[in-house]
Amino acid sequence: MEWVDLRSDTVTRPTPAMRAAMVAADVGDDVYGEDPTVNALQARLAADLGFEAGLFVPTGTQSNLLALMSHCERGDEYLVGADAHTYKFEGGGAAVLGSIQPQPMAHDADGTLPLDKLAAAIKPIDPHFARTRLLALENTWHGRVLPLGYLRAARDFARERGLGFHLDGARLFNAAVASGVPAREIAALFDSLSVCLSKGLGAPVGSVLLGSAALIDKARRWRKVAGGGWRQAGMLAAAGMYALNHHVARLAEDHARAVSLAEQLGQIAGVRLLGQYTNMVFIDVPADRLRDLDTHLRAAGVRISIGYLPTLRLVTHLDVDDAGVARTVEAFHAFFAGG
Ligand SMILES: *Cc1c(COP(=O)(O)O)cnc(C)c1O
């Protein structure tokens, strides 16, 4: 029996057609800038999203790190959500490897960072303080699509204050598909943008950092320093290209399955539905039943991640079909019916 794996949308495996595209990829040495498939992927995303240049990297964590290190220098700081990936889930890399200090900010419930609080957090130019250089947002944030009006206001704010403006758009295409706002329109607001190909888009590996030619030049240097200068990476870029061609519009199916999962789980006594946003469903169950629930679900062939967030998060993706949703709902039913 195949697992129904709802822990994350990172767990997708390449489809047979994606694997065929990988095998057929034309490759060269990317450190020399000679991998035609990597170059095509970078150029394609830069053109689609309206940036001068792109850089293909192994992970979203590295992509964000390179962006922070390209915007900021030693002793600078970036404003970032306290529950943002670029602050909380990247091992403190900006501080550890970039000598860049984060200024974490509390999120509003919709994932936005209130502009008045950001304004108050900007440090005066004075030797006592780190230099506030960058505002980093995340969209989607824990599944939530940040409102376009907020993004525009935040862009104006960053401009007025002389801050760079970075988007961790790991799931940018989920935001675009869910809201109907073209990805390019969201992207146009930012100086730099990181997009993951290995989440719901279904590529096995890879993210792309986008920005001006000057910013991407810096990022390419930091990528080499970070050990991310890779060679015949075109086989991986081919998977990313395949994903862009075939797996963007279908994100709507993941969102629809998340809606269905949320509706059905919400009807089970014992499950408290906290919310559903794009491809994510958040629920609570009695804490003393968590372990047993996990064991029960695994026996039924369903995996969820326990203990990594304060609430349970179930994520739909390319490898979760209608039968997978049905199996999950049945397993929850059986567990809570059994008392
Ligand atoms: C997954 C993710 C990343 C990057 O993660 P990697 O595992 O390093 O590829 C960055 N930001 C957000 C919001 C993510 O969900």
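To start, this report covers the structure provided alongside it. Source: prediction; values computed, not measured.

**Examining empty space enclosed by the protein**
Counting across every chain of the model gives 1 cavity of 30 Å³ or more. Considering only enclosed or pocket space, the largest cavity measures out at about 30 Å³ in volume. Lining the largest cavity we find Gly81, Ala84, His107, Gly111, Leu113, Ala136, Leu137, Glu138 and Leu146. No other element matches the 3 residues that strand 5 (residues 131–138) contributes to the lining of the largest cavity. A breakdown of the residues in the lining of the largest cavity according to their chemical character gives 5 nonpolar, 3 polar and 1 charged.

**Focus on the sheet that holds strand 5**
Ordered in space as 2-8-7-6-5-3-4, the 7 strands form an open sheet in which the pairing is mixed. Each edge of the open sheet is held by one strand with a lone partner, namely strand 2 (53–57) and strand 4 (101–105). Looking at each pair of strands side by side, their axes are set apart by 20 degrees on average, direction ignored. Relative to strand 8 (residues 207–211), strand 7 (residues 192–196) is paired through 4 bridges, and the arrangement is antiparallel. In the strand pairing of strand 8, Leu193 is matched with Leu210.

**What about the packing of helix 8 (residues 172–179) against helix 12 (residues 251–266)?**
Running from amino to carboxyl end, helix 8 crosses helix 12 at an angle of 75 degrees, the nearest separation of the two axes being 9 Å. Compared by their axis directions, helix 8 and helix 12 come out roughly perpendicular. Contacts between helix 8 and helix 12 involve Phe173, Asn174, Val177 and Ala178 from the first element and Leu251, Ala252 and His255 from the second. The class makeup of the residues in the contact of helix 8 with helix 12 is 5 nonpolar, 2 polar and no charged.

**Points about the side chain of His166**
Tracing the backbone shows His166 in strand 6 (residues 164–169). Polar contacts involving the side chain of His166 include one to the side chain of Asn64, which spans 2.9 Å. A polar atom in the side chain of His166 sits 2.7 Å from the side chain of Ser192. Those residues within four positions of His166 in sequence are excluded, and the remaining contacts are Asn64, Ala67, His71, Leu134, Leu135, Ala136, Leu137, Phe190, Ser192, Leu193, Ser194 and Leu209.

**Section: the site of the ligand**
Surveying the vicinity of the ligand reveals the residues Thr59, Gly60, Thr61, Asn64, His85, Glu90, Glu138, Asp168, Ala170, Arg171, Cys196 and Lys199. Between a nitrogen atom of the ligand and a side-chain N or O atom of His85, the distance comes to 3.5 Å. Within the side chain of Arg171, an N or O atom sits 2.9 Å from an oxygen atom of the ligand. Relative to its free-state accessible area of 380 Å², the ligand is covered by the protein chains to the extent of 83%. Per-element tally for the shell around the ligand: the top contributor is helix 3 (residues 60–71), with 3 residues.

**Here's the deal with the side chain of Arg313**
When you line up the elements, Arg313 lands in strand 12 (residues 312–315). For Arg313, which is buried and forms no salt bridge, the nearest opposite charge comes from Asp9, at a distance of 5.8 Å.

**A look at helix 11 (residues 234–246)**
With 13 residues, helix 11 should cover 18 Å at 1.5 Å per step; its first-to-last C-alpha distance of 18 Å lies within 8% of that length. Within the sequence span of helix 11, burial applies to Gly234, Ala237, Ala238, Ala239, Gly240, Met241, Tyr242, Ala243 and Leu244.

**Remarks on the state of the cysteines**
Per the counting criterion, the structure on display carries 0 disulfides. Looking at Cys72, it has no disulfide partner, and the nearest cysteine sulfur is the one in Cys196, 20 Å off. Classification of Cys72 by relative accessible area gives buried; the value is 4%.

Rules used throughout
Within any chain, residue numbers begin from 1 and follow the written order of that chain's sequence. Local features in a predicted model are, by the rule used here, given only for residues with pLDDT of at least 70; side-chain atom pairs are given and counted only at 80 or more, and totals for whole chains, interfaces and linings are based on all residues. Calculated side-chain values reflect all of the structure's heavy atoms, with hydrogen atoms and water omitted. Using a grid of 1 Å spacing that covers the protein atoms alone, one calls a set of points a cavity when a 1.4 Å probe fits there but cannot get out, and a pocket when the set is open and has protein on both sides within 12 Å along at least five of seven lines; lining residues are those with an atom within 4 Å of a point. Grid points are joined across faces, edges and corners, and a volume is the space filled by probe spheres set on the points. Numbering of helices and strands runs from the N terminus; a helix is a DSSP stretch of H or I covering at least four residues, while a strand is a stretch of E covering at least two. The classification used treats Ala, Val, Leu, Ile, Met, Phe, Trp, Tyr, Cys and Pro as nonpolar, Asp, Glu, Lys and Arg as charged, and all other residues, Gly among them, as polar. Think of it this way: DSSP has to see at least two bridges between two strands before they count as a pair. To get an axis, a line is fitted to the C-alpha atoms, and for a helix only the part in contact is used. The angle between two axes follows their N-to-C directions and goes from 0 to 180 degrees. When describing relative orientation, an angle under 35 degrees is termed roughly parallel and one over 145 degrees roughly antiparallel, while 65 to 115 degrees is termed roughly perpendicular and anything else oblique. Whether two residues are in contact is decided by their heavy atoms, any of which lying within 4.5 Å being enough. In the analysis that follows, any N or O atom pair within 3.5 Å is treated as a polar contact, provided that within protein one partner can donate a hydrogen and the other can accept it, and provided that, for residues neighboring in sequence, both atoms belong to side chains. Any residue with a non-hydrogen atom lying within 4 Å of a molecule or strand is treated as near it. All accessible-area figures derive from a Shrake-Rupley calculation using a 1.4 Å probe, and residue coverage is judged against the displayed protein chains alone. Buried, partly exposed and exposed residues are distinguished by accessible area as a fraction of the type maximum, computed with a 1.4 Å probe on protein chains only: under 20%, between the cut-offs, and over 50%, respectively. Charge counting treats Lys and Arg as positive and Asp and Glu as negative, with His and both chain ends excluded. By convention in these notes, a salt bridge is any Lys or Arg side-chain nitrogen within 4 Å of a carboxyl oxygen on Asp or Glu. By this rule, a helix spans an expected 1.5 Å times one less than how many residues it contains. Whenever a pair of cysteine sulfur atoms sits within 2.5 Å, that pair is classed as a disulfide.

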